[in-house]
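Chain and residue survey
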Amino acid sequence: MSNKAELAVSYDLDPEFFRLWLDSGMNYTCGVFDDTDDLEAAQVAKLGVLHDFARITPASRVLDIGCGWGNNLAYLTRDRHVARAHGITLSEAQYSEILRRGLPGVTVSCVDYRDFAPAEPFDAVQSICMIEHVCTPEEARAGQAVARYRDYFRRAWSWTAPGAHFALQTGLRDRLPRRPEEARELRWLGENIFPGGMAPRAEDLVVAVAPYWEVMQLRTRREDYEKTTTHWRARLRAHEEEIRDRWGQDLFDTYDRYLSCCVNSFARRHMTLSQWCLRRVDDPA
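Model, not experiment: these values are computed from the prediction. (Residues numbered from 1 in each chain as written. Predicted model: local features only at pLDDT ≥ 70, side-chain atom pairs only at ≥ 80, totals over all residues. Heavy atoms only, no water.)

A separate point is the environment of A74. With respect to the secondary-structure elements, A74 resides in helix α4 (residues 71-79). Judged by its relative accessible area of 1%, A74 is buried. Along the primary structure A74 and A140 are separated by 66 residues, whereas in three dimensions their C-alpha atoms are 34 Å apart. The contacts of A74, once residues within four sequence positions are left out, are D79, R101 and L103. (Helix = DSSP H or I, 4+ residues; strand = E, 2+ residues; numbered from the N terminus. Buried < 20%, exposed > 50% of the residue type's maximum accessible area, 1.4 Å probe, protein only. Contact = heavy atoms within 4.5 Å.)

Here we take up the sheet that holds strand β4 (residues 122-128). Read across the sheet, 7 strands follow the order β3-β2-β1-β4-β5-β7-β6 without closing on themselves; strand pairing throughout is mixed. In this open sheet, the two strands that pair with only one neighbour each are β3 (106-110) and β6 (213-220). Across the sheet, the mean angle separating the axes of adjacent strands is 15° when strand polarity is ignored. The sheet strands contacting helix α5 (residues 92-101) are β2 (84-89) and β3, and the helix crosses β3 at an angle near 160°. (Pairing = 2+ DSSP bridges. Axes fitted to C-alpha atoms, helices over the stretch in contact; angles between N-to-C directions.)

On to the packing of helix α3 (residues 39-53) against helix α10 (residues 222-238), then. Their axes nearest at 11 Å, the elements α3 and α10 cross at an angle of 140°. In terms of axis orientation, α3 runs oblique to α10. Crossing handedness for the pair α3 and α10: left-handed. On α10, the residues that touch L39, E40 and Q43 of α3 are T228, H231, W232 and R235. (Parallel < 35°, antiparallel > 145°, perpendicular 65-115°, else oblique. Left-handed = near helix turned anticlockwise from the far one by under 90°.)

Now for the environment of L273. Topologically, L273 is positioned in strand β7 (residues 271-280). In this structure, the C-alpha to C-alpha distance between L273 and L259, residues 14 residues apart in sequence, is 15 Å. Those residues within four positions of L273 in sequence are excluded, and the remaining contacts are C30, C129, Q169, T170, G171, R219, T220, R221, R222, Y225 and F266.

Turning our attention to unusual backbone geometry. In the segment running from A210 into P211, the intervening peptide bond is cis, with an omega of 5°. Within the fold, P211 resides in the loop between α9 (202-209) and β6. One non-glycine residue, M26, lies in the positive phi region at around 60°. The topology assignment puts M26 in the loop between α2 (15-21) and α3. With phi around 60°, H81 is a residue other than glycine that occupies positive phi space. Mapped onto the elements, H81 comes out in the loop between α4 and β2.

Here the focus is the pattern of salt bridges. Counted under the stated rule, the structure contains 27 salt bridges. Across the salt bridge formed by E120 and R61, the nearest N and O atoms sit 4.0 Å from each other. One end of the pair, E120, is in the loop between β3 and β4; the other, R61, is in strand β1 (residues 61-65), with 59 residues separating them in the sequence. Via salt bridges that share partners, E16, R19, E97 and R100 belong to a single interconnected network. (Salt bridge = Lys/Arg side-chain N within 4 Å of Asp/Glu carboxyl O.)

Attention now moves to the packing of aromatic side chains. Using the criterion set out here, one finds 28 aromatic pairs in the structure. Here Y28 and W232 contribute two aromatic rings whose centre-to-centre distance is 5.5 Å and whose plane-to-plane angle is 55°, an arrangement assigned as tilted. Here the residue Y28 occupies a position in the loop between α2 and α3, and W232 occupies one in helix α10, the gap between them amounting to 204 residues. The same class applies to Y28 as to W232, namely buried. Taking NZ or CZ as reference, R61 lies 4.1 Å from the ring centre of F122, over its face. (Phe/Tyr/Trp six-rings, centres within 6.5 Å; stacked < 30°, edge-to-face > 60°. Lys NZ or Arg CZ within 6 Å of the ring centre and 35° of its normal.)

Spelled out as structure tokens, the structure:
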């Protein structure tokens, strides 16, 4: 699991920096471009897909694991009329932003998911591009990836009531880069933007969900993430002068390199994006 200091590298920058190039809701994950080319609409569409995958109703008590700056929680309570939604994050900056927003019906914990102990079970779970922080590269190289992911799914199972569904979105590693420079860029990205984390492989997740969750639906969206990161890079570049003035020369260069690596990686199938509908197994072996 990425530790708190590593996550701070990824997420504890000034939220105003992210606000310049993400959508207005600050969704820092892939949008869904089925019926639009607009980033704002694509991010709302993504939240709708994951709402439906989790079988959420207004009466549901919902958990968002790795809740970012809180926009999915706001979407659930504001647009889908969910009465109670709880988020967990290990980022102090994200936690503070959610508290600042004062979202009705929303509570949040700044906690490592392994230390989370809810007072009552949830009816639905969502996790949007957080599982990339569950297994470190060192653990994966030691052959521990499936065990780490299975422990994560076991914990999510323990927090839910019978009949619960789990909507999971995650990046996935796909085919290995064939050019040395592309491999170097992916390694640079992992070490400098998301230290301590890595995207899983689809086959590891398929094995790891058992015996706690049944895979009901799996959808990949590689081209959607290529479009998302292309939008982000264009917005970043549109604010180049302001970013250099406010946060220094290096930050713009680092994030322009990062987003260019993302665009190329999705275009060349080094990475893809997946959305999973999981149903709780109520009698695990």
